[in-house]
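Residues per chain are reported as follows:
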Amino acid sequence: MRFPIFKTKIEGLDRKFNLIDPREQKEYFQLKAGKEIEKLREYLKENSFIAYLLGKKNSGKGTYSKMFAEAVDPERVDHFSIGDMVREVDKELRKEKRLQPAHHPPASQAPIISFLEKQYRGFLPLKEAISALEKRNTETLLPTELILALIKREIAKRKKKALFIDGFPRDLDQINFSLFFRDLIGYRDDPDIFILIDVPEKVIDERIKWRRICPLCQTSRNFKLLPTSKIGYDSKKTTTHPPPSHLRWAPFYLICDNPVCRGAKMVSKEGDERGIEPIRERLKMDEKLMERAFSLYGIPKVLLRNSVPKKEAEKFVDDYEITPEYSYELDKKTKKVKIIEKPWQVIDNEGVPSYSLLPPPIVVSLIKQMVEVLSL
Ligand SMILES: [Zn+2]
């Protein structure tokens, strides 16, 4: 399964953009997809769509769809992930339980339960399906029928909005459901689209390995690929020589940019240093799911490709669209941290030396392909 490379380079255009800066990002979208953005805005005034995002865990599903909404029309485009939905429902259930003193109506009259009593159809009794949700862990899948009922509820909350759904279908049997989902939910006759995202596993691996999180505001950045504007240096932090690869930069750390956090030191989450190791099975399943979806007839597909072979890069993309890699050095004299930036080279799944694209060019490709599949 290889996706075509999408050309975002405009010949003869010298302007460079700093794609991390939100204002420049906006100008960039105007310049590279202004016409298509206009068409989509016009379309969304009266219409919507349902797009299923399929890609490996950490392939950027949330990032791309949120950036699409931001660029096109945040009022009319929404994104929701099944993972977040399940966590929210769980919270709601707990809250409802806490609010149930003995003399009050039984839990079955709580809004979410009564909704499910009306909407849920499945092979497990509703009670068991709900308790599967409460006891869920990442290994076991929730009953598809319960997920379907809950998605229906989510969609009803977002009337008239175009939707990106992240996390459904999650298993092979759910693909068939997704084909008829539009009909199942009946009251919406929107076009439905599969969006497939192809990202080299090496990219996912490094996204996890170098992830840093602010302990105060939970903002997530990447030490190697998406640093904060200020980098700290802890001279007391020593390590063995040569250090193990994940501790190579141990004395340096990211400082949260959020002013509320007052220079908090960002930290890595336990286990992240193992990268994709713990999720290999999940990634294999995601791959199968994508292959199956890729081979479907009759449903429009958008193909997003994160990497470009090094040899082809010049033809297809501009330099500033490539993800840089950052490293750090301490200037002995001034005691300031120097940030060194260079293009990041990754080996893709077929062993080809490649560059990984920043989110904006991938969103340009998404915008243009959406215009095409919606025949605008
Ligand atoms: Zn913070």
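That block above? That's the structure.
Residues numbered from 1 in each chain as written. Predicted model: local features only at pLDDT ≥ 70, side-chain atom pairs only at ≥ 80, totals over all residues. Heavy atoms only, no water.

Points about the overall build of the chain
Here comes step 1: Of regular secondary structure, the chain possesses eleven helices and 14 strands.
Here comes step 2: Expected size for 376 residues packed as a compact globule is a radius of gyration near 21 Å; at 23 Å, the chain falls within 12% of this value.
Here comes step 3: Counting only C-alpha atoms and orienting by the principal axes, one finds that the chain spans roughly 70 × 50 × 40 Å.
Here comes step 4: Here the chain carries 70 positive and 57 negative side-chain charges, and the mean point of each set is 4 Å from the other. (Helix = DSSP H or I, 4+ residues; strand = E, 2+ residues; numbered from the N terminus. Rg over C-alpha atoms; globule rule 2.2 N^0.38 Å. Lys, Arg positive; Asp, Glu negative; His and termini not counted. Charge placed at Lys NZ, Arg CZ, Asp CG, Glu CD.)

Topic: helix H4 (residues 111-119)
Here comes step 1: Residues of H4 that are buried: Ile112, Ile113 and Leu116. Along the long axis of H4, the arc covered by the buried residues comes to 100°, so they all point the same way. In H4, the exposed positions that point more than 90 degrees away from the buried face belong to Pro111 and Lys118.
Here comes step 2: Check the buried side of H4 and you find it contacts helix H3 (82-98), helix H5 (126-134) and helix H6 (144-157). (Buried < 20%, exposed > 50% of the residue type's maximum accessible area, 1.4 Å probe, protein only. Arc of directions from axis to C-beta. Contact = heavy atoms within 4.5 Å.)

Observations regarding the side chain of Lys224
Here comes step 1: Relative to the helices and strands, Lys224 resides in the loop between strand S6 (220-222) and strand S7 (230-233).
Here comes step 2: A polar contact is formed between the side chain of Lys224 and the side chain of Glu206, at a distance of 2.5 Å.
Here comes step 3: Discounting chain neighbours no more than four positions away, the residues touching Lys224 are Glu206, Trp210, Pro324, Glu325, Tyr326 and Trp344. (Polar contact = N/O pair within 3.5 Å; in protein donor to acceptor, adjacent residues only side chain to side chain.)

Quick look at the coordination of the zinc ion
Here comes step 1: At the metal site, the zinc ion is ligated by Cys214 (SG), Cys217 (SG), Cys256 (SG) and Cys261 (SG), and these contacts range over 2.3 Å.
Here comes step 2: When the donor residues of the zinc ion are listed from N- to C-terminus, their spacing reads C-x2-C-x38-C-x4-C. Of the two residues, Cys214 sits in the loop between strand S5 (211-213) and S6 while Cys261 sits in the loop between strand S8 (252-255) and helix H9 (280-294), which places them 47 residues apart along the sequence. (Donors = N, O, S within 2.8 Å, 3.2 Å for Na, K, Ca; no water.)

Observations regarding the pattern of salt bridges
Here comes step 1: Within this structure, the stated rule accounts for 32 salt bridges.
Here comes step 2: Glu201 is the partner of Lys56 in a salt bridge, and the nearest nitrogen-oxygen pair spans 3.2 Å. Of this pair, Lys56 sits in the loop between strand S1 (50-55) and helix H2 (61-72) while Glu201 sits in helix H8 (residues 201-209); the two residues are 145 residues apart in sequence, bridging distant segments of the chain.
Here comes step 3: Judged by relative accessible area, Glu201 falls into the partly exposed class, the value being 21%. (Salt bridge = Lys/Arg side-chain N within 4 Å of Asp/Glu carboxyl O.)

Topic: the sheet that holds strand S9 (residues 301-305)
Here comes step 1: With parallel pairing, five strands are arranged side by side in an open sheet as S2-S3-S1-S4-S9. Both edges of this open sheet fall to strand S2 (77-81) and S9, since each of them pairs with a single strand only. In this sheet, adjacent strand axes meet at a mean angle of 20° when their direction is disregarded.
Here comes step 2: As paired elements, strand S4 (residues 192-198) and S9 share five bridges and run parallel to each other. Across the sheet, Phe194 pairs through a bridge with Lys301, a residue of S9. (Pairing = 2+ DSSP bridges. Axes fitted to C-alpha atoms, helices over the stretch in contact; angles between N-to-C directions.)

Some details on the pairing of S1
Here comes step 1: With six of six residues buried, S1 lies mostly within the body of the structure.
Here comes step 2: Here S1 pairs with strand S3 (residues 162-166) via four bridges, running parallel. Within the sheet, the bridge partner assigned to Ala51 lies in S3 and is Phe164.

Observations regarding the sheet that holds strand S10 (residues 307-309)
Here comes step 1: What the three strands build is an open sheet, ordered S10-S14-S13; its pairing is antiparallel. The outermost strands of the open sheet, each flanked by one partner alone, are S10 and strand S13 (345-347). Each adjacent strand pair in this sheet contributes to an overall mean axis angle of 45°, direction not counted.

Some words on the packing of H3 against H4
Here comes step 1: Two numbers describe how H3 lies on H4: the axes approach to 9 Å, and their chain directions differ by 120°. Of H4, the residues touching H3 (which contributes Val89, Glu92, Leu93 and Glu96) are Pro111, Ile112 and Ile113.
Here comes step 2: In terms of residue class, the contact of H3 with H4 is made up of five nonpolar, no polar and two charged. (Nonpolar A, V, L, I, M, F, W, Y, C, P; charged D, E, K, R; others polar.)

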